[in-house]
Amino acid sequence: MRSWQRALAAGMRLLLKCLRLGRRRRFKLVRQAGQLWHYGRLCLRSLLYNSFTDGDVVLDSLFEPVYWLVDHVTRWFGVVFVALVIGLTSSIVAIVYICLLPLILQTYTPAWICWHLAYGHWNLIMIVFHYYMAITTSPGHPPQAKDDLTGISICRKCIAPKPARTHHCSICNRCVLKMDHHCPWLNNCVGHYNHRYFFSFCLFMTMGCIYCSISGWEMFRDAYAAIERMKLLEKERLQVAANQTYYQTPPPAFSFRQRAFHKSVVYLWVLCSSVALALGALTLWHAALITRGETSIERHINKKERQRLQKKGKVSAACGTGRGLGQGRAGPDTHLPGLQVFRNPYSYGSWDNWKVFLGVDVPRHWLTRVLLPSPHLPHGTGLSWDLPPCVSKHRTPLLAL
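Reading the values: rules and limits
Residues numbered from 1 in each chain as written. Predicted model: local features only at pLDDT ≥ 70, side-chain atom pairs only at ≥ 80, totals over all residues. Heavy atoms only, no water. UniProt positions renumbered as here; feature names shortened; annotations may be inferred. Helix = DSSP H or I, 4+ residues; strand = E, 2+ residues; numbered from the N terminus. Contact = heavy atoms within 4.5 Å. Axes fitted to C-alpha atoms, helices over the stretch in contact; angles between N-to-C directions. Parallel < 35°, antiparallel > 145°, perpendicular 65-115°, else oblique. Nonpolar A, V, L, I, M, F, W, Y, C, P; charged D, E, K, R; others polar. Expected span 1.5 Å × (residues − 1). Salt bridge = Lys/Arg side-chain N within 4 Å of Asp/Glu carboxyl O. Buried < 20%, exposed > 50% of the residue type's maximum accessible area, 1.4 Å probe, protein only. Core = buried A, V, L, I, M, F, W, Y, C linked by side-chain atoms within 4.5 Å. Phe/Tyr/Trp six-rings, centres within 6.5 Å; stacked < 30°, edge-to-face > 60°. Lys NZ or Arg CZ within 6 Å of the ring centre and 35° of its normal.

Taking an unreviewed UniProt entry as the reference, the chain is identified by name as Palmitoyltransferase belonging to Urocolius indicus. According to its UniProt record, the chain has this under Catalytic activity (unreviewed entry): "L-cysteinyl-[protein] + hexadecanoyl-CoA = S-hexadecanoyl-L-cysteinyl-[protein] + CoA". Comment text from UniProt for the chain, heading Subcellular location (unreviewed entry), reads "Membrane".

Trainee: Just to check I follow, could you spell out the overall build of the chain for this structure?
Mentor: Counting its secondary structure elements, the chain contains 10 helices and 8 strands. Partitioning the contacts of the chain with sequence separation of at least 6, the portion at a separation of at least 24 is 65%.

Trainee: Whenever I open this one, the packing of helix H7 (residues 256-292) against helix H9 (residues 350-358) confuses me. Can you help?
Mentor: The angle between the axes and the distance between the axes are what describe a pair of packed helices. Two elements in contact, H7 and H9, have axes separated by 7 Å at closest approach and are oriented at 105 degrees. In this view, H7 runs roughly perpendicular relative to H9, as classed from their interaxial angle. Side by side, H7 and H9 meet where Ala287, Ile290, Thr291 and Arg292 of the first sit next to Ser350, Asn353, Trp354 and Phe357 of the second. Looking at the contact of H7 with H9, its residues break down into 4 nonpolar, 3 polar and 1 charged.

Trainee: Hey, could you run me through the UniProt feature "transmembrane region" (unreviewed entry) in the chain in this one?
Mentor: UniProt feature "transmembrane region" (unreviewed entry): in the numbering of this structure it lies at residues 76-100, 112-133, 197-220 and 265-288. The span residues 76-100 is 100% helix and 0% strand, and its two end C-alpha atoms sit 37 Å from each other.

Trainee: I would appreciate a short explanation of H7 in the present structure.
Mentor: Each α-helix winds once per 3.6 residues, and so residues spaced three or four apart point in a common direction. Between its first and last C-alpha, H7 extends 53 Å over 37 residues, near the 54 Å set by a 1.5 Å rise per residue. Phi turns positive, to about 70 degrees, at Gly293, one or two residues after H7.

Trainee: I would appreciate a short explanation of the pattern of salt bridges in the present structure.
Mentor: Two side chains with opposite charge may pair up if their charged atoms get near one another. Evaluation of the coordinates by the stated rule reveals 5 salt bridges. The residue Glu294 makes a salt bridge to Arg292 at a minimum N-O spacing of 3.3 Å. Taking relative accessible area as the criterion, Glu294 reaches 7% and is therefore assigned buried. Across the pair Asp361 and Arg369 runs a salt bridge, and its minimum N-O distance is 3.7 Å. Given a relative accessible area of 21%, Arg369 falls into the partly exposed group.

Trainee: Would you take a moment to explain the nonpolar core for this structure?
Mentor: It is characteristic of soluble globular proteins that their nonpolar side chains tend to be buried jointly. Grouped together as the largest cluster of nonpolar side chains are 36 residues, with contacts concentrated most on Tyr131, Leu186, Phe198, Phe201, Met205, Leu268 and Cys272. Contributing elements (two or more residues each) for this core: helix H3 (64-107), helix H4 (110-136), helix H5 (195-215), helix H6 (217-242) and H7. Leave out the neighbours within four places in its chain, and Phe201 touches Val85, Ile127, His130 and Tyr131.

Trainee: What exactly am I supposed to notice about the packing of aromatic side chains here?
Mentor: Describing an aromatic ring pair means giving the distance of the ring centres and the angle of the ring planes. Under the definition given, this model contains 16 aromatic pairs. Here a set of aromatic residues connected by ring pairs shows up, and it is made of Trp115, Tyr119, Trp122, Phe204 and Tyr211. Looking at Arg165, its charged tip hangs above the ring of Tyr346, at a distance of 4.5 Å from the centre. The aromatic ring of Trp385 is capped on one face by Arg165, whose charged end is 4.7 Å from the ring centroid.

Next up, the structure:
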């Protein structure tokens, strides 16, 4: 009897001990899991925490894979884009010489023939020259030796000297002097030494497309109407041929040469009009940037800096003209009292900005350097930005950044 009671008591003690150990082990596992959770969250916050983090930083981080893909696609397909530009331009020139020029010589007056021949060939020469120079001319790169430059920063990506207005191109993987952007249609960066070639190519290509669209409007209407008649006659011919024998089928109303001529005219007008709209908008945008003495990158930087200084109350809301918000009626040079006006330190005024950009030092340069092909170099080396000799009077910026 006593042995049975002893055995039962020992079993109960063993059961209680097992329950107590299981509870302790369960509590220990929960405690360890909680510690791991808090430690992981702390590590994650330490990796992501940044006092400068805002919505723009988060958005750029999310789009970083997209930027990487675009950079690599642009780098490898640049040759394809250049071949596409050359092929489309060559096709338009071939259509003009083969289809339109004989028609112009037969129907136009001698004065109009001379005008079309002179203007068309001049525009074509300007397009070919500036596109070739924009592709083959290096945009300019800063030297690797730091001793040659003073007052510069260091590029965080290529660990090299970075002069003022210099930016790193992620596609070329190099720093570019006065970088504007990387153009896939040139397979080259637009920088200090080829910026003028790029803009001139856009301008003359737009002028050429507008010229083709305006001068070919009547021919386009006639060609489009002829193509519609072709479709209608072809439909009627097939209906008649379905009710007749093979030997009674009428011949086609239009020959292959006529079809090719009309379709070529329609192709020329549609392509030139589309390019004129798209490239014309891009040309106007760059013309506005040149007027302000900025590049595409500097436009974004100056806008951000102006907004930052406005929030701190250091500058007025004027955008480089001295006119602040709510001060427009008081005159062009009024701004909030005690505040400076934000101005681009590399702007010399609208007219002087164009003279510096085009390299016009004397009046005859408007003919020899602007209206005729000219390989002259821009002012300066892109490493320092001294006052160009063509600028008569330089306004010192009230806030130079």
